[in-house]
Amino acid sequence: MAEKARIAILISGRGSNMAALVYAAKSSDCPYEIVLVASNVPDAPGLTLAQAEQIDIFAHPHKGLSREAHDTIMHDAIVRSGAEYVVLAGYMRILSDGFVRKWADHMLNIHPSLLPKYKGLDTYQRAIDAGDKVAGCSVHLVTAELDDGPVLAQTEVAILPDDDAETLASRILIAEHQLYPSALARYVTREADPDWILEQIRQRALALQETHERASFGAPGWRVGSQTTGKYFAYFAQSHHGEASIALLVKTTGLDEQAALIDVDPDLYYAPKFYGKSGWIAIRLDTGRTDWGHIAERLYKSWCQVAPKRLTRLIDIADQF
Ligand code: GRF
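Bear in mind that the values here come from a model prediction, so they are computed numbers and not experimental data. (Residues numbered from 1 in each chain as written. Predicted model: local features only at pLDDT ≥ 70, side-chain atom pairs only at ≥ 80, totals over all residues. Heavy atoms only, no water.)

> Explanation requested: the pairing of strand 5 (residues 107-111) in the structure shown.
The element strand 5 is extensively covered by neighbouring structure, given that five of its five residues are classed as buried. Alternating residues of strand 5 divide into Met107, Asn109 and His111 and Leu108 and Ile110, and every residue in both groups is buried. Across three bridges, the pairing between strand 4 (residues 85-88) and strand 5 is parallel. Counterpart to Val87 in the pairing with strand 5 is Leu108. Across four bridges, the pairing between strand 5 and strand 6 (residues 134-141) is antiparallel. Bridging from a neighbouring strand, Leu108 pairs with Leu141 of strand 6. (Buried < 20%, exposed > 50% of the residue type's maximum accessible area, 1.4 Å probe, protein only. Helix = DSSP H or I, 4+ residues; strand = E, 2+ residues; numbered from the N terminus. Pairing = 2+ DSSP bridges.)

Shown next as structure tokens:
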């Protein structure tokens, strides 16, 4: 199994979601490990549990400190632990923009409502008062806006006729304990998920001028130019032509460049079947270390090879300066 993702959990209270994550992580096939439980409340009950489970803990009260200063102390402790992801589990602090930026796409939260409904506090009573038939919980990425980042997963929980905020909260909590470990597992392994990888390629290919998607022999492909005369500049190959890897196929300037690339990094590049003969290169996307900036650059270079002159002319002029 690939190396496990290292997780720091931030809590302020009882830490039952933290406990759910800690116990999920004990399973040998869990793709993450908990390397730190940190809190702004030194006597948070969750810290005692984490310590008993032999997990490193860290606590620093926020009293008397600016938001930025406290966040920096927490950030430094997280970095020291070696964590790659921050998982908020009942961490009752609004985070500074700087902290959120440092952990962009690497920080998750769980919220007891079906987002985008009922951000903030008092979610259970608000759902009951609105006459909703279902409530629930959401795992989302953390962005600067409170409870606003992209939702990764949700569980619906029925509202019973005689529910009050407390009874509803206790059932939602059961759902939270199921949802958080599985959503986190899926998120940290997303780079191995072919659908996620395809989406990354798609976004970058379609961001180039005058492009559209068209499948070719079952493989997603992208063309530049009109629907009728467009030319392919990229293909997404997943077990294509019997090859085991997931790869992006793009055009190089020719066989010399293709050979040079393979020479530099034979684990990353190979000459694809059929297309290889005409100077296309395959870039593996399943190494777990994809450099997405590099992928965007290769897509662009390939696009330049086949884009109509009227699109590349301006770029050629700009290149002379
Ligand atoms: C949970 O209800 C969670 O949705 C919210 O804070 C609460 C934390 O509970 N973000 P616990 O500390 O995990 O038991």
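So much for the structure itself; the text now carries on.
> Sorry, what's going on with the packing of aromatic side chains here?
Geometrically, a pair of aromatic rings is defined through the distance of the ring centres and the angle of the planes. Scanning the model with the defined rule gives seven aromatic pairs in all. Measuring from centroid to centroid gives 4.8 Å for Tyr232 and Tyr235, while their planes differ by 25°, and the two rings are stacked. Accessibility expressed as a relative area gives 17% for Tyr232, which makes it buried. A connected cluster of aromatic rings, assembled from ring pairs, spans Tyr232, Tyr235, Tyr275 and Trp280. Here Arg190 stacks its cationic end above the ring of Tyr187, 4.0 Å away from the centre of that ring. Its end group placed over the ring of Tyr232, Arg223 keeps NZ or CZ at 5.6 Å from the ring centre. (Phe/Tyr/Trp six-rings, centres within 6.5 Å; stacked < 30°, edge-to-face > 60°. Lys NZ or Arg CZ within 6 Å of the ring centre and 35° of its normal.)

> What is the right way to look at the site of the ligand in this model?
The local shell around the ligand consists of Arg14, Gly15, Ser16, Asn17, Gly90, Ile110, Pro112, Tyr124 and Glu176. A distance of 2.9 Å is found between an oxygen atom of the ligand and a backbone nitrogen or oxygen belonging to Gly15. Within the side chain of Ser16, one N or O atom sits 2.5 Å away from an oxygen atom of the ligand. Bound to the protein, the ligand loses 87% of the 370 Å² it would expose on its own. Taken together, the residues of the shell around the ligand break down into three nonpolar, four polar and two charged. (Near = heavy atom within 4 Å. Polar contact = N/O pair within 3.5 Å; in protein donor to acceptor, adjacent residues only side chain to side chain. Areas by Shrake-Rupley, 256 points an atom, 1.4 Å probe, with all protein chains shown as cover. Nonpolar A, V, L, I, M, F, W, Y, C, P; charged D, E, K, R; others polar.)

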